[in-house]
Amino acid sequence: MATEQKISASQGGNQGFVFLPLIVGWLVPGAGHFLLKKWGRGALLAASIVGMFAIGLAMQGQIHTGAKDILDLLSMAGDLGNGLLYVLGRAMGWGTTLPQETTADWGSRFIVVAGLLNVIAAVDAHNLRTGRKAS
Amino acid sequence: MHLSHFAAVVLFALFASTVFGITMRNTPQKMVRYGVYCFVLFVGAAIVLSWLMYFIAR
C-alpha cells in the first residue's frame, strides 16, 4: 500500500528536491503545502501559525534569544520552529518588552507552540511530497 | 492586548486543533471531525482541571 502510494507520488510529476516542501514549510508557515498546491490547507495552517505567533507577541510574550538553563534551551528550540518569523522577530526586536500582564507567560508559550506546530506542518508537507501521506 | 485566561485557552485550542486536524487526517471530513474533537478535548480538559484546582485550593 505504502509502496503503491510512493510509486504514484513519483509518477505524479513531483520531480525535484524532495526536501523542498519541508524546508520551505519550515521557513514560511503553510508554504510547504502551497508548493504542493494544497491551497486551502496551506492557508489554514499559515493563518493558525502566524495568528498564534502574532497573538503571542501581542500578549507581551518573549522571544527567547539565549539559553540560561534547559527550559530556556527547549523554549528557544520551539521558537526556532517559526522559521523566518523568528528571524524577523529578532531583527525587529519583537518580544523584548518587559511583561506587565499576568497572561504574558501565556504569550511566550503561544510563540513556542506556534513554532512546534509549524514543524508538524512542515513534516506533513514532506510526507505529502514523498507519498507517505495519501492526500 | 489583554486576554482573559479562558480566552487564551480557547484561542490556543482553536489554532492547535486546526493544525492537528489538517496534519493528522487524510480527508477533509475526517480533518474537520478530528479538529473539533481536539478542540473539545483541549477546552474541556482546561475547564475540568481548573475546577479541580479550585477545589484543591479551598
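Conventions adopted
Residues numbered from 1 in each chain as written. Chains lettered and ligands numbered in written order. Predicted model: local features only at pLDDT ≥ 70, side-chain atom pairs only at ≥ 80, totals over all residues. Helix = DSSP H or I, 4+ residues; strand = E, 2+ residues; numbered from the N terminus. Buried ≥ 20, exposed ≤ 12 C-beta atoms within 10 Å, placed from the backbone. Contact = placed C-beta atoms within 7 Å. Nonpolar A, V, L, I, M, F, W, Y, C, P; charged D, E, K, R; others polar. Arc of directions from axis to C-beta. Expected span 1.5 Å × (residues − 1). pLDDT = per-residue confidence, 0-100. Axes fitted to C-alpha atoms, helices over the stretch in contact; angles between N-to-C directions. Parallel < 35°, antiparallel > 145°, perpendicular 65-115°, else oblique. Left-handed = near helix turned anticlockwise from the far one by under 90°.

Focus: the overall build of chain A
When helices and strands are counted, chain A shows 7 helices and 0 strands. When the helices and strands of chain A are read in sequence order from the N terminus, they spell out α-α-α-α-α-α-α. Taken across its 135 residues, chain A has 43% of its residues classed as buried. A separation threshold of at least 6 residues defines the contact pool for chain A, and within that pool the share at least 24 residues apart is 73%.

Quick word on the interface of chain A and chain B
With 21 residues of chain A in contact, the opposing surface of chain B contributes 14 residues. Residue classes in the side of chain A that touches chain B are distributed as 13 nonpolar, 4 polar and 4 charged.

Side note on helix H2 (residues 20-27) of chain A
Residue and element names in this part refer to chain A. Listing the buried residues of H2 in full gives Pro21, Leu22, Gly25 and Trp26. Along the axis of H2, the buried residues cluster in a sector spanning 125 degrees; they form a single face. Buried residues in H2 make contact with helix H3 (31-35) and helix H7 (104-130).

Points about H7(A)
With 27 residues, H7(A) ought to run about 39 Å at 1.5 Å a step, and its terminal C-alpha atoms sit 40 Å apart, in line with that. Of the residues one or two after H7(A), Gly131(A) is the one with positive phi, at around 90 degrees.

Some details on the environment of Ser135(A)
Relative to the helices and strands, Ser135(A) resides in the segment after H7. Linking Ser135(A) and Glu101(A), residues 34 residues apart in sequence, is a C-alpha distance of 43 Å.

Observations concerning the environment of Gln60(A)
All names here are of chain A. Locating Gln60 in the fold gives a position in the loop between helix H4 (39-58) and helix H5 (70-80). In the structure, Gln60 is positioned 38 residues away from Leu98 in sequence and 7.5 Å away in space, judged by C-alpha atoms. Apart from residues lying up to four places away in sequence, Gln60 is in contact with Thr97, Pro99, Gln100, Glu101, Ala104 and Gly107.

Things to note about the confidence of the model for chain B
Here chain B averages 95 in pLDDT, and 100% of its residues register 70 or above. Across the interfaces of the predicted complex, the ipTM metric reaches 0.91, alongside a pTM of 0.89.

Some words on unusual backbone geometry
Residue and element names in this part refer to chain A. Of note in the backbone geometry, Lys37 takes a positive phi value of approximately 65 degrees without being a glycine. Relative to the helices and strands, Lys37 resides in the loop between H3 and H4. Judged by the 7 C-beta atoms lying within 10 Å of it, Lys37 falls in the exposed class.

Topic: the packing of H4(A) against helix H1 (residues 5-24) of chain B
For any two helices packed against each other, one specifies the inter-axial angle together with the distance between the axes. Where H4(A) meets H1(B), the closest approach of the two axes is 10 Å, and the angle between their N-to-C directions is 150 degrees. In terms of their interaxial angle, H4(A) and H1(B) are classed as roughly antiparallel. Crossing angle aside, the handedness with which H4(A) passes H1(B) is left-handed. Every residue of H1(B) that contacts H4(A) at Arg41(A), Leu44(A), Leu45(A), Ser48(A), Gly51(A), Met52(A) and Ile55(A) is listed here: Leu11(B), Phe15(B), Thr18(B), Val19(B) and Ile22(B). Looking at the contact of H4(A) with H1(B) residue by residue, the classes come out as 8 nonpolar, 3 polar and 1 charged.

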